[in-house]
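Close look at the chain arrangement
Below, each chain spelled out in residue letters.
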Amino acid sequence: KKLLEFFSDQLKGAAGELILNGDIFDFDSVMRLPAKHELTVNWLEKSRGLFPEEEKSRFKIEVILGDHTVWVQALREWIQKGHSVVFVIGNHDLELHWPAVQKEIIKQLQLSDDEINRVRFCEWFYISNKDTMIEHSNQYDDYCVTNPIHPLVKKGRRVMVRLPFGNITGRYMVNGMG
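So, here's what we can say about the structure. (Residues numbered from 1 in each chain as written. Predicted model: local features only at pLDDT ≥ 70, side-chain atom pairs only at ≥ 80, totals over all residues. Heavy atoms only, no water.)

Concerning the overall build of the protein chain
Inclusion rule: Helical segments are the DSSP runs of H or I of at least four residues, strand segments are the runs of E of at least two, and each set is numbered from the N terminus. Three labels apply to residues, based on accessible area from a 1.4 Å probe with only protein chains included: buried if under 20% of the type maximum, exposed if over 50%, partly exposed otherwise in between. Note that accessible areas follow from Shrake-Rupley with a 1.4 Å probe, and for residues the cover is restricted to the protein chains shown.
Each helix and strand in the protein chain was counted, giving seven helices and seven strands. Reading the helices (α) and strands (β) of the protein chain from amino to carboxyl end gives α-β-α-α-α-β-α-α-β-β-β-β-β-α. Here the C-alpha coordinates of the protein chain stretch approximately 55 × 35 × 30 Å along the principal axes. Evaluated residue by residue, the protein chain yields a buried proportion of 43% over its 178 residues. For the protein chain, the accessible area works out to roughly 10300 Å², and carbon and sulfur atoms hold 54% of it.

Here it is in structure tokens:
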């Protein structure tokens with residue numbers, strides 16, 4: 001919170017741009033489960049984490065933001081001062097691709113319509129000031145590469161975010177350790 005206040009003061013009234021360059025939220029490590037009957041959860045999800053389906057991902061971002069209220073408040077205050085926020089999606093927060101997840105973030109930030117326009121989600125990279133390209137470098141790591149253009153995969157009747165090998169490994173090994 002103090003860091004954003006410091007940056008805002010340094011801008012002396014000018015609009016600033018905060019670029020959150022991926023892995024801001026670690027969806028893979030959320031092990032909390034929804035209340036019974038809220039969502040259907042299978043045995044594997046109970047021990048390794050919820051699958052990256054839209055409603056389950058929305059639940060996970062709700063958990064994450066609920067556990068980080070000071071951060072949410074600091075981000076809200078940054079935006080309310082006229083600054084903008086850009087979320088570049090990384091390999092640990094691929095579930096930001098879901099519209100319901102983005103809407104939940106906006107909801108938790110409690111912004112006005114004008115302020116909502118200063119929040120942006122970018123699938124792969126962001127070009128700031130028409131001259132600086134910012135990207136989360138997971139695309140250059142064989143274990144973390146994703147398809148940011150078509151991030152979804154259908155498995156039977158389920159539609160999920162396609163997780164890279166590194167995320168799946170972490171989810172099944174690390175989460176299984178407790």
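Regarding the sheet that holds strand β2 (residues 84-88)
The following threshold applies: Each pair of strands is called paired provided DSSP finds at least two bridges between the two strands. Only the contacting stretch of a helix is used when fitting its axis, a line to C-alpha atoms as for every element, and angles between N-to-C directions run 0 to 180 degrees.
If you trace the three strands from one edge of the open sheet to the other, you get β1-β2-β3, paired in parallel fashion. In the strand order of this sheet, the two ends are held by β1 (17-21) and β3 (119-122), each with one partner. Within the sheet, the average angular offset between the axes of one strand and its neighbour, ignoring direction, is 15°. Two elements, β2 and β3, share four bridges in a ladder whose sense is parallel. Paired with V88 across the two strands is C122, which belongs to β3.

Quick notes on the packing of aromatic side chains
So the rule is basically this: Centres within 6.5 Å are what make two rings of Phe, Tyr or Trp a pair, Trp counting through its six-membered ring; a difference in plane orientation under 30 degrees is then read as stacked, over 60 as edge-to-face, and the rest as tilted.
As enumerated under the stated definition, the model contains seven aromatic pairs in all. Relative to F121, the ring of F87 has its centre 5.0 Å away and its plane inclined at 10°; by these criteria the two rings are stacked. In this pair, F87 is assigned in strand β2 and F121 in strand β3, connecting sequence segments 34 residues apart. A relative accessible area of 16% means that F121 is categorised as buried.

A closer look at the side chain of K60
Applied cut-off: Contact between two residues is taken to exist if any of their heavy atoms lie within 4.5 Å; hydrogens are not considered.
Mapping K60 onto the fold places it in helix α3 (residues 54-66). Judged by relative accessible area, K60 falls into the buried class, the value being 0%. Dropping the residues within four chain positions of it, K60 is found in contact with F27, V30, L50, F51, P52, E95 and R171.

Some remarks on the nonpolar core
Inclusion rule: What we call a nonpolar core is a set of buried Ala, Val, Leu, Ile, Met, Phe, Trp, Tyr and Cys residues that are connected through their side-chain atoms within 4.5 Å.
Residues F25, I61, I79, V85, F87, L96 and I105 are the most contacted members of the largest nonpolar core, which totals 33 residues. Contributing elements (two or more residues each) for this core: β1, α3, α4 (69-80), β2, α5 (99-109) and β3. Counting residues in hydrophobic clusters, the runner-up holds five residues, among them V86, V88, C122 and I134.

Section: the pattern of salt bridges
Between side chains of opposite charge, a pair can form when the charged atoms approach closely. Formally: A pair is scored as a salt bridge if a Lys or Arg side-chain nitrogen falls within 4 Å of a carboxyl oxygen belonging to Asp or Glu.
Applying the stated rule across the entire model yields 12 salt bridges. For K56, the salt bridge identified is with E45, shortest N-O distance 2.8 Å. Residue K56 is located in helix α3, and its partner E45 is located in helix α2 (residues 43-48); the two are separated by 11 residues in the primary sequence. E45 shares its class with K56; the two are buried. Here E62 makes a salt bridge to R58, at a shortest N to O gap of 3.0 Å.

Scope: geometric values only; no functional claims are made or implied.
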